[in-house]
Amino acid sequence: MILKLLRERSVVSVPQLVEMFSVSEATARRDIAALADEGKLRRVWGGAESLTPHHETHLAGLPFAMSLGIAAAQKSAIARAAAALIEDGDSIIINGGTTTYGLVEHLAERQLDILTNSLPIVTRLLASGHSRVTMPGGTLYREQNIVLSPYENDAIGHFCGHKLFTGCHGLNRFGLMETDPLLVQAQLKLLGRAEQVMVLADSRKLRQRSSMVVAGLERIHTFITDTGATEEELEPLRNAGIRVITVEAGADSVTVPLRRQTR
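Here the structure is a predicted model, which means the values were calculated and not measured.

Here we look at the sheet that holds strand 11 (residues 175-178)
Two modes of strand pairing occur in sheets, parallel and antiparallel, and in both the strands are linked by backbone hydrogen bonds. Spatially, the three strands line up as an open sheet ordered 10-11-13, and their pairing is antiparallel. Strand pairing shows two members of the sheet lacking a second neighbour, strand 10 (170-172) and strand 13 (212-215), which therefore form its edges. Looking at each pair of strands side by side, their axes are set apart by 40° on average, direction ignored. Sheet topology places strand 10 next to strand 11; three bridges connect them, and they run antiparallel. Its bridge partner being in strand 11, Asn-172 is matched across the sheet by Gly-175. The sheet strands contacting helix 8 (residues 181-191) are strand 11 and strand 13, and the helix crosses strand 13 at an angle near 10°.

This is the structure in structure tokens:
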């Protein structure tokens with residue numbers, strides 16, 4: 001997996017390996033050293049470098065293909081619950097990610113107006129769907145399979161969505177978190193075009209942290225997660241007036257609060 005990452009991004013740091021594979025720093029450094037001794041990579045300060053580095057752009061965080069299999073049952077249940085919040089004729093925005101990707105299988109027969117920056121989502125919608133689909137222009141980031149634009153004047157600026165469905169790196173009392181400045185910028189643009197923000201994230205995300213906050217809790221309308229979330233973790237969200245929906249992986253049961261604070 002280390003060599004695969006190096007083929008995709010040229011350089012990988014020890015902290016990135018620790019986060020991606022849930023291993024200790026000692027394990028990551030030991031594996032890097034072993035691969036360096038075999039002549040398969042070059043050791044650098046704090047990480048490893050490909051023997052044939054290239055200059056392809058990449059984003060911080062786990063690649064789409066690797067993330068797809070993590071907490072798959074939880075993500076599927078979360079996506080099913082999120083799809084139930086979409087009504088025919090809705091204008092929606094779907095931010096790229098492996099949890100939001102699960103929405104697509106529930107939208108095939110729907111008549112919707114959809115803006116998304118995700119290539120896998122567009123591909124599935126085109127194969128089986130009746131919705132109008134809009135994509136922003138920009139640069140393709142192959143690892144995350146998304147298109148991001150640094151420019152203000154693109155398709156996003158001319159789209160108005162009733163609901164935005166997005167994942168995140170982390171969520172806690174400080175707000176919605178991401179790990180890369182480009183992802184933060186992209187999410188801010190999408191947030192500016194949506195009336196309601198729906199965050200789709202499995203319970204692991206409530207225990208992940210980042211120094212980059214995209215938006216405060218006051219901007220989030222609904223949070224959908226799995227039953228692995230504790231009441232202690234969910235309490236700050238409920239206190240902020242967020243509608244919290246919990247789902248059980250592999251089941252159709254959904255827990256929805258009877259009432260929520262009005263903003």
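Observations regarding helix 2 (residues 14-21)
Those residues of helix 2 that fall on the buried side of the exposure criterion are Val-14, Leu-17 and Met-20. Buried residues in helix 2, looked at end-on, bunch into an arc of 130°, giving them a common side. Buried residues along helix 2 sit in contact with helix 1 (2-9), strand 1 (11-13), helix 3 (25-37) and strand 3 (47-49). Backbone geometry just after helix 2 places Ser-22 at a positive phi near 55°.

Some remarks on the sheet that holds strand 1
What the three strands build is an open sheet, ordered 1-3-2; its pairing is antiparallel. Each edge of the open sheet carries a strand with a single partner, namely strand 1 and strand 2 (42-44). Strand-to-strand twist of the sheet, defined as the mean angle between neighbouring strand axes without regard to direction, takes the value 25°. Pairing of strand 2 with strand 3 involves three bridges; the strand directions are antiparallel.

Considerations on unusual backbone geometry
Unlike most non-glycine residues, Ser-22 shows phi in positive territory, near 55°. Its location among the elements puts Ser-22 in the loop between helix 2 and helix 3. Overall, the relative accessible area of 67% leaves Ser-22 in the exposed class.

Details of the nonpolar core
In this structure, Leu-171, Val-199, Phe-223 and Leu-237 are the most contacted members of the largest nonpolar core, which totals 26 residues. Counting residues in each nonpolar core, the second largest holds 23 residues, with Ala-83, Ile-86, Tyr-101 and Ile-114 among its members.

Notes on helix 9 (residues 231-239)
Every buried residue of helix 9 is accounted for by Glu-233, Leu-234 and Leu-237. With its buried residues spanning 85° around the axis, helix 9 presents them on a single face. Turned more than 90 degrees from where helix 9 packs its buried face, Glu-231, Glu-232 and Asn-239 sit exposed. On its buried face, helix 9 sits against strand 10, strand 14 (222-226) and strand 15 (243-247).

Re the packing of aromatic side chains
Two numbers describe a pair of aromatic rings. These are the distance of the centres and the angle of the planes. Applying the stated rule across the entire model yields zero aromatic pairs. Looking at Arg-124, its charged tip hangs above the ring of Tyr-101, at a distance of 5.0 Å from the centre.

Focus on the environment of Phe-21
Checked against the element boundaries, Phe-21 lands in helix 2. When the C-alpha atoms of Phe-21 and Met-1 are compared, they prove to be 9.1 Å apart, with 20 residues separating the residues in sequence.

Concerning the packing of helix 1 against helix 2
Interaxial distance between helix 1 and helix 2 falls to 12 Å at its minimum, and their mutual angle equals 120°. Classed by the angle they form, the pair helix 1 and helix 2 counts as oblique. The handedness of the crossing between helix 1 and helix 2 is right-handed. Of the residues in helix 2, those touching helix 1 at Ile-2, Leu-5 and Arg-9 are Gln-16, Leu-17, Met-20 and Phe-21. Each residue belonging to the contact of helix 1 with helix 2 can be placed in one class, and the counts come to five nonpolar, one polar and one charged.

Rules used in this analysis
Residues numbered from 1 in each chain as written. Predicted model: local features only at pLDDT ≥ 70, side-chain atom pairs only at ≥ 80, totals over all residues. Heavy atoms only, no water. Pairing = 2+ DSSP bridges. Helix = DSSP H or I, 4+ residues; strand = E, 2+ residues; numbered from the N terminus. Axes fitted to C-alpha atoms, helices over the stretch in contact; angles between N-to-C directions. Contact = heavy atoms within 4.5 Å. Buried < 20%, exposed > 50% of the residue type's maximum accessible area, 1.4 Å probe, protein only. Arc of directions from axis to C-beta. Core = buried A, V, L, I, M, F, W, Y, C linked by side-chain atoms within 4.5 Å. Phe/Tyr/Trp six-rings, centres within 6.5 Å; stacked < 30°, edge-to-face > 60°. Lys NZ or Arg CZ within 6 Å of the ring centre and 35° of its normal. Parallel < 35°, antiparallel > 145°, perpendicular 65-115°, else oblique. Left-handed = near helix turned anticlockwise from the far one by under 90°. Nonpolar A, V, L, I, M, F, W, Y, C, P; charged D, E, K, R; others polar.

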